[in-house]
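# Breakdown of the fold
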Amino acid sequence: MCTVPLSRYGIGSPVRKISTRPGRRAYHAGRMTLGHDNAGFDLAVVGAGAAGLTAALFAAQAGARVLLLEAADDIGGTLHLSHGQLSAGGTRLQASRGITDSPDAHFADVMQLSEGLADPAVVRRAVQEAPVMVDWLLEAGLEPLADHPVTGASPGRPGYGTARYLWARGQGRDILALLRPALAPLIDDGRVRLVTGARVDGLLAGDDGGVDGVTAAIRDGGRLTARARHTVLATGGYAMERTLLERFSGRPAYAALACPTARGDGLALVEALGGALRGHALHRPGTGLVLDSEVWPTRVSARFITAPQLRAPWEIWVDDGGRRFVREDEPVALVRERALLALPRCRFHVVADAAILDAAPPAIEGQDRTAFGPLCGTHPMFHRAGTLEELAARAGIDARGLADSVHTYNAAVRTGHDPLGRGHLPRPIGRPPFYAVTLHGASATSAVGVTVDDGLRVLRVDGSVIPRLHAAGEVLGSGATLGQAFVPGMMLTPALALGRWLGRDLAAAQR
């Protein structure tokens, strides 16, 4: 037996707390050795987010002895931040409203919306288990918004062909409020042992190359070693670990938008065992984010409306070279996102003049047009200058490229024919002062994840199974269920549903 450490991959910075409230009867220990009796734990679950909670809950209800480890001081993971959006085909809620649906129809829609880039095996398993999981939540007291389910269509983003998308007013917190009391009696009677403040940093490797348990660093310097018949990685993504975000996306990391524990721990553990990762080409940035700075870990300070269905564009969009890189009234969000992703620094600049600023509808969400001017000179992403050349210098744009783009665009306004095919050409850019706002691509999700088979068993690079190691949730990568697109409810729902299925399946295997 040997231990495979996270430190080999240079990931060892402290985990920030999500909440100061500890999980019910959570253990904060110095040095512990758990599960060294004859049986050990049936299941060690790493991460107490959506997937980890349902895996632990339903495994224990089915009779398994479960160790549940969480790096933060409270359970819940991204449920503290999530919008709580679910989708399932064939729920009782749909039936009560006369909606005919099925997992097969849900599967077909997911694969179409993801352009075939989602993993069909993972999607198939997720949609098969989704109705049971959603029905359980509804029976436990989840109250969807009054008009739900809906199709999930939004400006620039297609939805499902059937209404199967829903969420509650309290979003992810409402789901956590149902899982927490369901888990509590299992902790009280010892069927689940919850240890918070425990960051798993190694896997116990058996003689056959499989996994026999975990080691973890306990907050305040303690250590934990635990044996288990099966280990489930439910550690979430990596969007809060700059080195991994830049390595996997090939683009600069700007904003820290995810759960604080999204540090890529599960991916590093799998790689150390020779496991395979996938989804590197599926990173998806948003196009309208105004960031506080370009220095990690910055935050989003505002959103610029880029969907032409909500606001037709009056400005032009240029890259750092001053070149327009997409038609500004492109109606499909995914096309705009891919155009942004193709830019090396994953940023662009929205350029206007005084006449446009006076006449155009407000562009910053929640603000009127008077908010734009005062931000110039006080916010690092807003710029104003008397000439285009000066504006280019302040915003970090190539001056010649910007001048050429403005000249070409103004000609398009005069003739009514734009080289990029833009249809909305309200007025030329020419009256000083000139304005620019710099927008960056950032994402709260992690596209890359560990590769699994249809039984959620983790696979090596050669395609073989790593014995006794399983994974569920965002550690699979958002690309596994979304591809590179927005597919309504297909991040949280798979985490919950696959966690539930995996817990029950592994518990049944012990009998």
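Residues numbered from 1 in each chain as written. Predicted model: local features only at pLDDT ≥ 70, side-chain atom pairs only at ≥ 80, totals over all residues. Heavy atoms only, no water.

### A look at the confidence of the model for the protein chain
Confidence along the protein chain averages 91 in pLDDT terms, with 92% of residues attaining 70 or more. Predicted confidence for residues 1–31 stays below pLDDT 50, and this span has 89 contacts to residues more than four positions away or in other chains. Per-residue pLDDT stays below 50 along residues 35–39; that stretch engages in seven contacts with residues further than four places along the chain or on separate chains. (pLDDT = per-residue confidence, 0-100. Contact = heavy atoms within 4.5 Å.)

### Side note on the side chain of Thr451
Assignment of secondary structure puts Thr451 in the loop between strand S18 (449–450) and strand S19 (457–459). Setting aside chain neighbours within four positions, we find Thr451 in contact with Ala276, Leu277, Arg278, Arg457, Val458 and Leu459. (Helix = DSSP H or I, 4+ residues; strand = E, 2+ residues; numbered from the N terminus.)

### Focus on the side chain of Arg500
Looking at where Arg500 falls in the secondary structure, it is placed in helix H14 (residues 492–510). We classify Arg500 as buried; its relative accessible area is 11%. Sequence-distant contacts of Arg500, that is, excluding residues within four places in its chain, are made with Thr54, Ala55, Phe58, Glu129, Val132 and Met133. (Buried < 20%, exposed > 50% of the residue type's maximum accessible area, 1.4 Å probe, protein only.)

### What about the pattern of salt bridges?
According to the stated counting rule, one finds 34 salt bridges in the structure shown. A salt bridge links Asp109 to Arg164; the shortest N-O distance between them is 2.8 Å. A residue pair is termed long-range when its members are at least 10 positions apart, and Asp109 in helix H3 (residues 103–113) and Arg164 in the loop between helix H4 (120–140) and strand S6 (165–166) qualify at 55 residues. A relative accessible area of 14% means that Asp109 is categorised as buried. With a relative accessible area of 1%, Arg164 lands in the buried category. Here Asp212 makes a salt bridge to Arg468, at a shortest N to O gap of 3.1 Å. Here Asp212, found in strand S9 (residues 211–218), pairs with Arg468, found in strand S20 (residues 465–471); they are 256 residues apart in sequence, far enough to count as distant. Connected through salt bridges with shared partners, the residues Glu294, Asp320, Arg345 and Arg347 form a single ionic network. (Salt bridge = Lys/Arg side-chain N within 4 Å of Asp/Glu carboxyl O.)

### Things to note about the pairing of strand S8 (residues 198–205)
Of all the eight residues making up S8, eight are buried; the element is thus mostly covered by neighbouring parts of the structure. Looking at chain direction, S8 and S9 are connected through seven bridges and run antiparallel. Of the residues in S9, the one forming a bridge with Leu203 is Val214. Where S8 folds back on S9, the antiparallel hairpin that results is connected by five residues, among which Gly209 adopts a positive phi of roughly 85 degrees. (Pairing = 2+ DSSP bridges.)

### Observations regarding the packing of aromatic side chains
This structure, assessed with the given rule, holds seven aromatic pairs. Each ring, one from Tyr238 and one from Phe248, has its centre 4.9 Å from the other, and the planes form 65 degrees; the classification is edge-to-face. Highlighted residues: Tyr238 in the loop between strand S10 (222–233) and helix H6 (242–249) and Phe248 in helix H6, separated in sequence by ten residues. Each member of the pair, Tyr238 together with Phe248, is buried. Geometrically, the ring pair formed by Phe325 and Phe348 is edge-to-face, given 5.3 Å between the ring centres and 65 degrees between the ring planes. Highlighted residues: Phe325 in the loop between strand S14 (316–318) and helix H8 (333–341) and Phe348 in strand S15 (residues 347–353), separated in sequence by 23 residues. Just as Phe325 is buried, Phe348 falls in that class too. In this structure an aromatic cluster arises from ring pairing among Trp317, Phe325 and Phe348. If you follow Arg124 out to its NZ or CZ, it ends over the ring of Phe107, 3.8 Å from the centre. Geometry around Phe58 places Arg500 over its ring, the cationic atom sitting 5.2 Å from the centre. (Phe/Tyr/Trp six-rings, centres within 6.5 Å; stacked < 30°, edge-to-face > 60°. Lys NZ or Arg CZ within 6 Å of the ring centre and 35° of its normal.)

### Here's the deal with H4
Between its terminal C-alpha atoms H4 stretches 30 Å, which fits the 30 Å expected from 21 residues at 1.5 Å a residue. Where H4 bends most, at Ala130, the angle is about 40 degrees, and the proline Pro131 comes one to four residues later. The N-cap of H4, judged by a side-chain oxygen 2.9 Å from the amide nitrogen of Ala121 a few residues on, is Asp119. Phi turns positive one or two residues past the end of H4, at Gly141, with a value near 125 degrees. (Expected span 1.5 Å × (residues − 1). Bend = angle between axes of the 7 residues up to and from the residue. Polar contact = N/O pair within 3.5 Å; in protein donor to acceptor, adjacent residues only side chain to side chain.)

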